[in-house]
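Single-letter residue listing:
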Amino acid sequence: MFLAPPPPPTPAPHLHAWGEQHGGRFITPFYYTELDLISHARRTGLSDEEETAAIQRTTTTISRVARRLKLPGKTYAIASNLLHRFYAAWPRRNPHYTEEEMLVAVMDLACKLQETPIRLPQLAHHVLCEVRQEKITEEEAKSAMENRLAPHQQKLLESLQFDTNILHPFRSLATFIKQLDGVRFRPPTPFDPESSRQELYRLCSAVVLDSYRCTVCVQFPPHIIAVAVLSLAEQLWDLRVFPPIEGQLLQDFACPANLVDGRLEVALNRTAPSAIHYARSTT
């Protein structure tokens, strides 16, 4: 009896990285396109307005608690990065965790990663008072959070693929500013060349810190954000850097010009007013 040959094996499906299936620029699980984030929110039952409100609410809470506890800038940046990465991978509405629990979890994990000496009861107390808009004691906050954070922080680490080496734009910003030939403020200031660079770094750092109030940290690599902040600083504080941030300099910084001139700068512009206020208040 004649037997038909077995069918050819089915080729394994090509698994797209996050962003690639939507034409994303960075083929890596660590960066998401804006469409990725919007689609994820809609799939989990949130409208665009609800997602925007949730981002503003949670980032404002982290910012206020960080100021009250006088957390270092990098601890605040890591907490915000963890928050954005978690909600880029997991739904905001879930019966297994609440928003206040995740806020305490990200800030506690950030303090551990940066070895910032803040006790969990103190941290939970400030977060819960801010979220609930009512006064509670540290003992009540500790009781509310006790034995609840470990599984949440496990999910946070999963969203990072257990890579806790979180990069920020600060290092790239310092490197790029050192490579500039000069910085000129208008009107002229009494700064010497080195002091001008330090002042530029201070101003740009304020914009970087405020950029964590939106999701650019999970959409673009830190060196791209650093270049966009430098470009934005020229407009915000009426200064000039030499050579100009264009052409060959962008190539040296490994930064595509269309990213600096496009959505990234628009997103940074939304957070710029509070950075300007901070820079002026510390001048």
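Check the entry above for the structure.
Heads up: these notes are all about the structure in this document.

Thresholds applied
Counting from 1, residues in each chain are numbered in the order their sequence is written. Local features in this predicted model are restricted to residues whose pLDDT is 70 or higher, and side-chain atom pairs enter the listing and the counts only when it is 80 or higher, whereas totals over whole chains, interfaces and linings include all residues. Only heavy atoms go into the side-chain values, all of them from the structure, while hydrogens and water stay out. Salt bridges are counted wherever a side-chain nitrogen of Lys or Arg sits within 4 Å of a carboxyl oxygen of Asp or Glu. Helix numbers and strand numbers start at the N terminus; a helix is a DSSP run of H or I with at least 4 residues, a strand a run of E with at least 2. For every residue, the accessible area (1.4 Å probe, protein chains only) is compared with the maximum for its type, and the residue is labelled buried under 20%, exposed over 50%, or partly exposed between those bounds. Like-charged residues within 9 Å of one another, or nonpolar side chains (Val, Leu, Ile, Met, Phe, Trp, Tyr) within 5 Å, are grouped into patches, provided each residue has over 30% relative accessible area and no salt bridge. With residues, only the protein chains shown are counted as cover, and all accessible areas are computed by Shrake-Rupley using a 1.4 Å probe. This count recognises Lys and Arg as positive and Asp and Glu as negative, with His and chain-terminal groups excluded. Charge positions come from single atoms, namely NZ of Lys, CZ of Arg, CG of Asp or CD of Glu. Axis angles are defined between N-to-C directions and span 0 to 180 degrees, where every axis is a line fitted to C-alpha atoms and, for a helix, only to the segment in contact. For classification purposes, angles smaller than 35 degrees are called roughly parallel, those larger than 145 roughly antiparallel, those between 65 and 115 roughly perpendicular, and all remaining angles oblique. Any two residues whose heavy atoms approach within 4.5 Å at even a single point are treated as in contact. Under the grouping applied here, Gly and all other residues not named as nonpolar or charged are polar, the nonpolar ones being Ala, Val, Leu, Ile, Met, Phe, Trp, Tyr, Cys and Pro and the charged ones Asp, Glu, Lys and Arg. Any two strands are treated as partners once DSSP identifies two or more bridges connecting them.

Here the focus is the pattern of salt bridges. One pass over the full model with this rule turns up twelve salt bridges. When the shortest N-O distance is used, the salt bridge between E51 and R92 registers 2.9 Å. With E51 in helix α2 (residues 48–69) and R92 in the loop between α3 (73–89) and α4 (99–113), this pair connects stretches of sequence that are 41 residues apart. Comparing E51 with R92, the two get one shared label, buried. The salt bridge partner of R132 is E100, with a shortest N-O separation of 2.8 Å. Of the two residues, R132 sits in helix α5 (residues 120–132) while E100 sits in helix α4, which places them 32 residues apart along the sequence. Here R132 falls in the partly exposed class, since its relative accessible area comes to 34%.

Together, E134, E139, E140 and E146 make up a negatively charged patch on the protein surface. Mapped onto the elements, E134 comes out in the loop between α5 and α6 (138–145). Accessibility expressed as a relative area gives 43% for E134, which makes it partly exposed.

Next up on the list: the packing of α3 against helix α7 (residues 149–159). Remark: α3 packs on α7, axes separated minimally by 9 Å, with the N-to-C direction vectors making an angle of 85 degrees. By the angle class used here, α3 and α7 are roughly perpendicular. Where α3 approaches α7, its residues L82, R85, F86 and A89 are matched on the opposing element by K155, L156 and S159. Tallied by class, the residues present in the contact of α3 with α7 amount to four nonpolar, one polar and two charged.

With that out of the way, let us pick up the pairing of strand β2 (residues 239–242). Alternating residues of β2 divide into L239 and V241, all buried, and R240 and F242, none buried. Judged from the four bridges that link them, strand β1 (residues 182–185) and β2 form a sheet pairing that is antiparallel. Pairing of R184 across the sheet is with R240, part of β2.

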